[in-house]
Amino acid sequence: IWDKYTLHDVCNTAEEALGWSYLELCSLGYNTPVLSKLSELDAIGVDQAQFIVLPPIVKGTPPEYLAAIRRAHQRGLNLLCFEDVCGLEDLFGVQERPDGPVPVRELPEEVFTHRMAVAKYENVNAEVLLWGASVPGGTRNLPIALLKKTDTGMTAFFNLPPTTVKRESFRQKYSHGQDTL
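Fair warning: this is a prediction, and the values are worked out from it, not measured in the lab.

Chemist: Teacher, can you tell me more about the sheet that holds strand 10 (residues 142–150) here?
Modeler: Sheet strands pair by backbone hydrogen bonding; their relative direction is either parallel or antiparallel. An order of 1-2-11-10-9 is seen for the five strands of this open sheet, with the pairing classed as mixed. Edge positions in the sheet fall to strand 1 (51–53) and strand 9 (127–132), since each has one partner strand and no second. Between one strand and the next, the sheet's axes are offset by a mean angle of 10°, whatever the strand orientation. As paired elements, strand 9 and strand 10 share five bridges and run antiparallel to each other. Residue Val128 lies in a different strand from strand 10, and its bridge partner there is Leu146.

Below you can see the structure in the form of structure tokens.
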């Protein structure tokens, strides 16, 4: 029980994904990617944004929020989501892995270790842009970045928290600092 409930890191990947995506998209020339409350989705139109950056959609997300996301996409807004898309798997072309989450340890030219870097979904009918492996040098058979074209636009999904790639553990950093004192 101790290992299950101890503090391994002080990071909230759900919050970080939104900030990370905002910075990345601004660097690509997008003026103001939409970062909004789910309760405000019905007020956003295609004249205001090309896409909506969503937080991870976890189990237990209220049905009215899932419906608002679907309505936004039906209005032509493209969707970008990270880590979890519970209740919206059909929009993103994925399904939960029947064998559960799998650790991701390698991407092309990237080897890393982070407890939260797990792939929870498998591809159903999306285009996989980036594959990952569960062990360094292993077979890259985990879909990481997926893109799906729908009747009303596109959806993009990152099958792990993007900020876990090449990230040093808080505990390792803190421990290293203690050793140098």
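Chemist: Looking at this structure, I do not really get unusual backbone geometry. What am I missing?
Modeler: Glycine aside, a negative phi is what most residues show, and trans is what most peptide bonds show. The backbone of Glu83 shows a phi angle near 75°, a positive value even though the residue is not glycine. With respect to the helices, strands and loops of the structure, Glu83 is situated in the loop between strand 2 (78–82) and helix 4 (89–92). The backbone of Glu109 sits at a positive phi, close to 65°, despite the residue not being glycine. Note that Glu109 resides in the loop between strand 5 (106–107) and strand 6 (110–111). For Glu109, a relative accessible area of 80% puts it in the exposed group.

Chemist: I would appreciate a short explanation of the pattern of salt bridges in the present structure.
Modeler: Any two side chains of opposite charge can pair, given that their charged atoms come close. Per the stated rule, a full pass over the model turns up seven salt bridges. Put simply, Asp42 and Arg71 hold a salt bridge, and the shortest N to O gap is 2.6 Å. Residue Asp42 is located in the loop between helix 2 (13–27) and strand 1, and its partner Arg71 is located in helix 3 (residues 63–74); the two are separated by 29 residues in the primary sequence. The exposure class of Asp42 is partly exposed, given its relative accessible area of 43%. By relative accessible area, which is 35% here, Arg71 ends up partly exposed.

Criteria and cut-off values
- Residues numbered from 1 in each chain as written.
- Predicted model: local features only at pLDDT ≥ 70, side-chain atom pairs only at ≥ 80, totals over all residues.
- Heavy atoms only, no water.
- Pairing = 2+ DSSP bridges.
- Helix = DSSP H or I, 4+ residues; strand = E, 2+ residues; numbered from the N terminus.
- Axes fitted to C-alpha atoms, helices over the stretch in contact; angles between N-to-C directions.
- Buried < 20%, exposed > 50% of the residue type's maximum accessible area, 1.4 Å probe, protein only.
- Salt bridge = Lys/Arg side-chain N within 4 Å of Asp/Glu carboxyl O.

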